[in-house]
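Coordinates in review
Each chain, written out:
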Amino acid sequence: MPLTIETQALLDARREANLPEFHTVSPTEAREMMVEMREALGPVVPESVARIQNRTIPGPAGEIPVRIYWPVTDTPAPLFVYYHGGGWVIGDLESHDGTCRSLANLTGCCVVS
């Protein structure tokens, strides 16, 4: 199965930047690499959703940032909780923003990331 254009662009940008493999660097360096890779791809026009809200929820070690996405719909929407990837180390709300916007609109659900 061929890769999507976006996935191939990400892999090409990573190769051209000559970045080390994630498992060979510290978590801090891996997070910095993720930001650099997003910036290397250039600006992305985000998919429109009805509304976005940044909030926090209590966690065992303090407040946890969450982002809520409301789909473009006229009907009440169920809730979908999205636990993003990144090995619980390198991903963040920004790295999965596009995915959550798409999920909200494709499923008709409010998405909490």
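All values reported here derive from a predicted model rather than from experimental measurement.

1. A look at the overall build of the protein chain
A tally of helices and strands in the protein chain yields three helices and four strands. Helices and strands in the protein chain line up, N terminus first, as α-α-β-β-β-α-β. The buried share of the protein chain, reckoned over its 113 residues, is 25%. For the protein chain, long-range pairs separated by at least 24 residues make up 53% of all intrachain contacts whose partners lie at least 6 apart in sequence. Here the protein chain displays about 7,900 Å² of accessible surface, and carbon together with sulfur accounts for 60% of that area. Taken together, the 8 basic and 14 acidic charged side chains of the protein chain have centroids lying 5 Å from each other.

2. With respect to the pattern of salt bridges
Enumeration over the complete set of coordinates arrives at four salt bridges. Of the charged contacts, one joins Glu94 and Arg67 as a salt bridge, the two residues approaching to 2.7 Å between their closest N and O atoms. Linking Glu94 in the loop between strand S3 (79–81) and helix H3 (97–107) with Arg67 in strand S2 (residues 62–70), this pair joins segments that are 27 residues apart in sequence. Residue class for Glu94 comes out partly exposed when judged on its relative accessible area of 45%. The exposure class of Arg67 is buried, given its relative accessible area of 9%.

3. Considering the pairing of strand S1 (residues 51–59)
Regular strands show a simple pattern: their side chains alternate between the two faces of the sheet. Here S1 pairs with S2 via nine bridges, running antiparallel. By the bridge assignment, Arg51 is partnered in S2 with Trp70. From the end of S1 to the start of S2, which pair antiparallel, there are two residues.

About the cut-offs
Residues numbered from 1 in each chain as written. Predicted model: local features only at pLDDT ≥ 70, side-chain atom pairs only at ≥ 80, totals over all residues. Heavy atoms only, no water. Helix = DSSP H or I, 4+ residues; strand = E, 2+ residues; numbered from the N terminus. Buried < 20%, exposed > 50% of the residue type's maximum accessible area, 1.4 Å probe, protein only. Contact = heavy atoms within 4.5 Å. Areas by Shrake-Rupley, 256 points an atom, 1.4 Å probe, with all protein chains shown as cover. Lys, Arg positive; Asp, Glu negative; His and termini not counted. Charge placed at Lys NZ, Arg CZ, Asp CG, Glu CD. Salt bridge = Lys/Arg side-chain N within 4 Å of Asp/Glu carboxyl O. Pairing = 2+ DSSP bridges.

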